[in-house]
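# Report on the structure
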Amino acid sequence: MYRSQDEELKRELRRIVSARRDELTAVQREELSTRLAEAVRSEALVPLERRPGRPLVVCVYGAFRSEADPSAVEAWCRSRGHLVVAPRIRDDGEGMELRLLAQAEDWKPGRWGVPEPDPARTELYPLDGPLDAVLVPGLAFDGYGGRLGYGGGYYDRLYAERAAKLAAATAQARATSEAEPPSASAAGAGSAAASEAPGTLWLGFAYEIQKIDSRLPQEPHDLPLGGLATDAGITWFGRGKTDGAGSELGTADAL
Ligand SMILES: Nc1nc2c(c(=O)[nH]1)N(C=O)[C@@H](CNc1ccc(C(=O)N[C@@H](CCC(=O)O)C(=O)O)cc1)CN2
Ligand SMILES: Nc1ncnc2c1ncn2[C@@H]1O[C@H](COP(=O)(O)OP(=O)(O)OP(=O)(O)O)[C@@H](O)[C@H]1O
C-alpha cells in the first residue's frame, strides 16, 4: 500500500520517541512530572488566574504508558477551586467529549486502557463552554508548535469541533444582536464565544526528551499549540494560536 514519506517519518518518530520515553524509570517520570506541573502552574495557570472573574476551567488527561503525568496539575487546580475537565472518547469512537472531574476517583480505564472520566460518575461539559487551558499529550513535539500523537487525530478533532461550535455560537450571537440591538439578552446563552472569554491555551505537556530538534511534518488539520510545557519550562509559539474563543493567547506577553 502507498504510504507517503511524511507518514513513514511519523511512524519512525513515534517509535523512536516512545522508546526514549519508555526508558525513564517510574521515579524519574514522577520527578519530571512534578517539575512539569510546577512550570504549568507558575508560568501558565497563575498568570491565567488574573484573567477571568470565575474559576479557571482546565482540561487535563490521565497519563497512560510512560506519559508525563498531569495529576499534580489536577490536584493543584482542585485546591484552588478551579474546574477540572478531561476528554473521553465518545461511544461512536469518532471523537471526544469533555467531562467534569469533580474528584480524583472519577477516572477509569477506557478504550486502549487510556484513563478517562467514568461516564457513570461524571457530567458532560459543553464542548463550547469556557475553557482556559488544555494540556495536550503527545509522543513527540518540536520547538515550533508541531506535535505528533498516537495517530488517532483525537485532539485535532477536539480542537476543530470546539472551534466550529464557537464560530456557530458567535454567528448566532451576532445575528441575534443585529435583530434586537442593543439588548443585553443578545449575549447568547453563556457560551465562551458570546461571553467574550479570551482564547483557550492549548498547551503541549511532555518531557523535555520528547522534544525533537528538527521540524515535525505539519498538516492543516493539526491543532495549533500555543505553547509546549516540559520539565525545562514553557516554550511559547507566537500569536493567534487559539480556537477562536476570543483574543489571542499563547505568548507570554499576552497573559
Ligand atoms: N493520556 C492520553 N489520553 C488520550 C490520548 C493520549 O495520547 N494520551 N489521545 C490522543 O489523541 C487519545 C487516545 N489516543 C490513542 C490512540 C491510539 C492508541 C493505541 O493504543 N493504538 C494502538 C494501535 C491501535 C490500532 O491501530 O488499531 C497502538 O499504538 O498500539 C491509544 C490512544 C485520547 N486520550
Ligand atoms: N478535524 C478533523 N476531522 C476529521 N479527521 C481528522 C481531523 N483532524 C485529524 N483527523 C484525522 O486523524 C488522523 C490522524 O491524524 P494525525 O496523524 O495528525 O494524528 P495525531 O495528532 O498524531 O493523533 P492524536 O491527536 O490522536 O494524538 C488523520 O487521518 C486525519 O485525517
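Keep in mind that what you see is a predicted model, and the values were worked out from it rather than measured.

Reading guide: rules and limits
Each chain has its residues counted from 1, running along the sequence as written. In the order they appear in the text, chains get letters beginning with A and ligands get numbers beginning with 1. Selection of residues for local features in this predicted model requires a pLDDT of at least 70, selection of side-chain atom pairs for listing and counting requires 80 or more, and totals for whole chains, interfaces and linings are taken over all residues. Only heavy atoms go into the side-chain values, all of them from the structure, while hydrogens and water stay out. Working definition: helices are DSSP H or I runs of at least four residues, strands are E runs of at least two. Numbering for both runs from the N terminus. Under the scheme applied here, a residue whose accessible area is under 20% of the maximum for its type counts as buried, over 50% as exposed, and between as partly exposed, the area being computed with a 1.4 Å probe on protein chains only. Only heavy atoms enter the contact rule, under which two residues are in contact if any of them lie within 4.5 Å. Surface exposure here means Shrake-Rupley accessible area, sampled with a 1.4 Å probe, where a residue is shielded only by the protein chains that are shown. Structural elements are reduced to axes, namely lines fitted to C-alpha atoms, with helices fitted over the stretch in contact, and the angle between N-to-C directions of any two is expressed from 0 to 180 degrees. Here a crossing is called left-handed whenever its near helix is offset anticlockwise from the far helix by less than a right angle, and right-handed whenever the offset is clockwise. Amino acid classes used here: Ala, Val, Leu, Ile, Met, Phe, Trp, Tyr, Cys and Pro are nonpolar; Asp, Glu, Lys and Arg are charged; the rest, including Gly, are polar. Here, proximity means that at least one heavy atom of the residue falls within 4 Å of the molecule or strand. Any N or O atom pair separated by 3.5 Å or less is treated as a polar contact, with the protein-specific requirement of one donor-capable and one acceptor-capable atom, and with residues adjacent in sequence counted only for side-chain atom pairs. Picture the helix axis, draw a direction to every C-beta atom, and the arc is the one those directions span.

## Here we look at the overall build of the chain
Per the secondary structure count, the chain includes 4 helices and 13 strands. A total of 255 residues make up the chain; the buried ones form 49% of that total. Sequence-distant contacts, at least 24 apart, represent 69% of the contacts inside the chain between residues at least 6 apart. Counting every atom, the chain has about 12,300 Å² of accessible surface; 51% of that belongs to carbon and sulfur.

## Some points on unusual backbone geometry
For Arg 65, which is not glycine, the phi dihedral falls at a positive 50 degrees. Summarising the element assignment, Arg 65 is placed in the loop between strand 1 (57-59) and helix 3 (71-79).

## Considering the packing of helix 2 (residues 26-49) against helix 3
One can describe the packing of helix 2 onto helix 3 by two numbers: an axis separation of 10 Å at closest approach and a directional angle of 35 degrees. For the pair helix 2 and helix 3, the crossing hand works out as right-handed. From helix 2, Ala 37, Val 40, Arg 41, Leu 45, Val 46 and Glu 49 reach across to helix 3, where they touch Ala 72, Val 73, Trp 76 and Cys 77. Counted by class, the contact of helix 2 with helix 3 contains 8 nonpolar, no polar and 2 charged residues.

## Thoughts on the site of ligand 1
In the vicinity of ligand 1, the contacting residues are Tyr 61, Gly 62, Phe 64, Arg 65, Glu 67, Met 96, Trp 112, Val 114, Pro 137, Tyr 150, Tyr 154 and Tyr 155. Arg 65 is positioned such that a nitrogen or oxygen atom in its side chain is 2.7 Å from an oxygen atom of ligand 1. At 2.7 Å from a nitrogen atom of ligand 1 is found a side-chain nitrogen or oxygen belonging to Glu 67. Isolated, ligand 1 exposes 690 Å² of accessible area, and the fraction of that covered by the protein chains is 69%. For the shell around ligand 1, a count of residues per class yields 9 nonpolar, 1 polar and 2 charged.

## Here's the deal with the environment of His 221
Mapped onto the elements, His 221 comes out in the loop between strand 11 (211-212) and strand 12 (227-230). Under the relative-accessibility criterion, His 221 is labelled partly exposed at 47%. In sequence terms His 221 and Gly 153 are 68 residues apart; their C-alpha atoms lie 8.6 Å from each other.

## Looking at the site of ligand 2
Neighbouring residues of ligand 2: 16 residues in total, closest Arg 147, Gly 149, Gly 151, Gly 153 and Tyr 154. A distance of 2.7 Å is found between an oxygen atom of ligand 2 and a side-chain nitrogen or oxygen belonging to Arg 147. The backbone of Tyr 154 places a nitrogen or oxygen atom 3.0 Å from an oxygen atom of ligand 2. Here ligand 2, which alone exposes 650 Å², has 69% of that area covered by the protein. Elements with a minimum of two residues in the shell around ligand 2: helix 1 (5-22), strand 9 (147-148) and helix 4 (154-179). A total of 5 residues in the shell around ligand 2 trace back to one element, the largest contributor, which is helix 4. Considered class by class, the residues forming the shell around ligand 2 number 5 nonpolar, 5 polar and 6 charged.

## Structural notes on helix 3
Within helix 3, the full set of buried residues consists of Val 73, Glu 74, Trp 76 and Cys 77. Around the axis of helix 3, the buried residues are gathered within 165 degrees of arc, so they sit on the same side. If you follow the buried residues of helix 3, they end up packed against helix 2, strand 1, strand 2 (83-89), strand 4 (107-109), strand 7 (133-136) and strand 10 (201-205). Just downstream of helix 3, Gly 81 is the residue with a positive phi angle, here 80 degrees.

Purely geometric stuff here, so don't read any function into it on its own.
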